[in-house]
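Summary of structural features
Chain by chain, the residues run as shown.
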Amino acid sequence: MTINTFFEAGSTVVRRHVWQGKVWSAAPYRVLHDTEDCLEVVNWPGLRSLMSTTWITSYVNGRTHRDRTIRELASGQWELGWWDWRDTTVRSWYGIDAYFTVRQYFDAQQQPLAWYVDFDLPKQRTHLGIDTFDLLLDLVAEPNLSHYQWKDEDEYQQGRRLGLIDDQVHQHVTAAREAVIGLIETRQGPFAHDWSPPPHESWPMPVLPEDVENCVRE
């Protein structure tokens, strides 16, 4: 069943990463724009998310033993814990049919720090927001897009070996990589937008609903 749920600017939306019908992470955001093609959101320090406890431990220890996180994901057995977003304001563009998501990070003075591209599955709309799955590969670019580099390609290969990313998805990721580079080099698509983060100090804090782990579409 297709869910055609669009969210008004200023409302709360939830992005979930889902693997084999189970929530791997869930984060609340404030909606900036929502159209048929994309969902634009913002998050800032203090927002509470649910994450794999193994991922949380890895992150707070300097991203050590990330391979354990990927093995846990492939096993389908994990526990979720609370994670408070820190330090940066992040504006994100979720292309509904795209195999990637674009983010820009800003410091406490709202100065841009970096562009970040997550490669993920096309987004499935739900009554809460969108579901997708992080494909473990990322790209990081300078604020002015003058330089970019790939990130976590070893984790992507591990995900392929463990069956998280099959050949068909890999083909889509390969095409998405080429598309993203083309958009960066020509400053088109989400990279052509004004990404200045809106002031959020007076906004209510988005929170996760109680049923965030339920109603996952297989």
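Let me sum up the structure you'll find in this document. (Residues numbered from 1 in each chain as written. Predicted model: local features only at pLDDT ≥ 70, side-chain atom pairs only at ≥ 80, totals over all residues. Heavy atoms only, no water.)

Let's talk about the packing of helix H3 (residues 153-161) against helix H4 (residues 167-186)
Put simply, H3 and H4 touch, their axes get as near as 11 Å, and they point 155° apart. Considering their axes alone, H3 and H4 lie roughly antiparallel with respect to each other. When the axes of H3 and H4 are compared, the crossing they make is left-handed. Mapping the contact onto sequence places Glu-153, Tyr-156 and Arg-160 in H3 and Asp-167, His-170, Val-173 and Arg-177 in H4. Split by residue class, the contact of H3 with H4 holds two nonpolar, one polar and four charged. (Axes fitted to C-alpha atoms, helices over the stretch in contact; angles between N-to-C directions. Helix = DSSP H or I, 4+ residues; strand = E, 2+ residues; numbered from the N terminus. Parallel < 35°, antiparallel > 145°, perpendicular 65-115°, else oblique. Left-handed = near helix turned anticlockwise from the far one by under 90°. Contact = heavy atoms within 4.5 Å. Nonpolar A, V, L, I, M, F, W, Y, C, P; charged D, E, K, R; others polar.)

Side note on the packing of aromatic side chains
What the rule picks out here adds up to 13 aromatic pairs. A ring pair is formed by Tyr-59 and Trp-83, whose centres lie 5.1 Å apart and whose planes are at 75°; its orientation type is edge-to-face. Placement of Tyr-59 in helix H1 (residues 53-60) and of Trp-83 in strand S5 (residues 80-84) is noted, with a sequence separation of 24 residues between them. An aromatic cluster of three or more residues is present, and its members are Trp-55, Tyr-59 and Trp-83. Above the plane of the ring of Trp-78 lies Lys-22, whose end atom (NZ or CZ) is 4.6 Å from the centre. Taking the ring centre of Trp-150 as reference, the NZ or CZ of Arg-177 above it sits at 4.0 Å. (Phe/Tyr/Trp six-rings, centres within 6.5 Å; stacked < 30°, edge-to-face > 60°. Lys NZ or Arg CZ within 6 Å of the ring centre and 35° of its normal.)

A closer look at H1
Restricting attention to buried positions, one finds in H1 the residues Trp-55, Ile-56 and Ser-58. For H1, the buried positions fall inside an angular range of 165° around the axis, keeping them on one side. If you follow the buried residues of H1, they end up packed against strand S4 (48-52), helix H2 (66-75) and S5. Structurally, the start of H1 carries an N-cap: the backbone nitrogen of Thr-54 is 3.2 Å from a side-chain oxygen of Ser-52. (Buried < 20%, exposed > 50% of the residue type's maximum accessible area, 1.4 Å probe, protein only. Arc of directions from axis to C-beta. Polar contact = N/O pair within 3.5 Å; in protein donor to acceptor, adjacent residues only side chain to side chain.)

Quick word on the pairing of strand S8 (residues 112-120)
The buried count for S8 comes to seven of nine residues, which makes it a mostly enclosed element. Strand direction decides the pairing type here: strand S7 (residues 100-106) and S8, joined by seven bridges, are antiparallel. Directly across from Gln-104, in S8, lies its bridge partner Trp-115. Between S7 and S8, which pair antiparallel and follow one another directly, the connecting turn spans five residues, one of which, Gln-110, has a positive phi of 65°. Of the strand pairs in this sheet, S8 and strand S11 (residues 134-141) are connected by five bridges, and their pairing is antiparallel. (Pairing = 2+ DSSP bridges.)

Details of the nonpolar core
Phe-100, Val-102, Val-117, Phe-119, Leu-164 and Phe-191 are the most contacted members of the largest nonpolar core, which totals 34 residues. Secondary structure elements with two or more residues in this core: H2, S7, S8, S11 and H4. Ranked by residues supplied to this core, first place goes to H4 with seven residues. Each residue touching Phe-100, except ones within four places of it in the same chain, is listed here: Trp-93, Gly-95, Val-117, Asp-118, Phe-119, Asp-120, Lys-123, Ala-176, Val-180 and Leu-183. Formed by 10 residues, the second largest nonpolar core is a distinct cluster that contains Ala-27, Tyr-29, Val-31 and Ile-130. (Core = buried A, V, L, I, M, F, W, Y, C linked by side-chain atoms within 4.5 Å.)

Here's the deal with H2
The α-helix winds at 3.6 residues per turn, so residues separated by three or four positions along the chain end up facing the same way. Among all positions of H2, only Arg-66, Thr-69, Ile-70, Glu-72 and Leu-73 are buried. Looking straight down H2, one finds that the buried residues subtend no more than 160° of arc, so they occupy a single side. Where the residues of H2 are buried, they touch strand S1 (12-19), strand S2 (22-34), S4, H1, S11 and H3.

Description of the layout of surface pockets
The volume enclosed by the largest pocket comes to roughly 980 Å³. Forming the boundary of the largest pocket are 37 residues, of which Met-51, Trp-55, Tyr-59, Trp-85 and Tyr-105 lie nearest the centre. Looking at the lining of the largest pocket element by element, the count peaks at five residues for S2. For the lining of the largest pocket, a count of residues per class yields 17 nonpolar, seven polar and 13 charged. (1 Å grid on protein atoms, 1.4 Å probe; cavity = no way out; pocket = protein on both sides within 12 Å on 5 of 7 lines; lining within 4 Å. Points joined across faces, edges and corners; volume = space filled by probe spheres on them.)

Here we look at the environment of Asn-144
Among the structural elements, Asn-144 can be located in the loop between S11 and strand S12 (148-151). Separated by 31 residues in sequence, Asn-144 and Leu-113 place their C-alpha atoms 9.7 Å apart.

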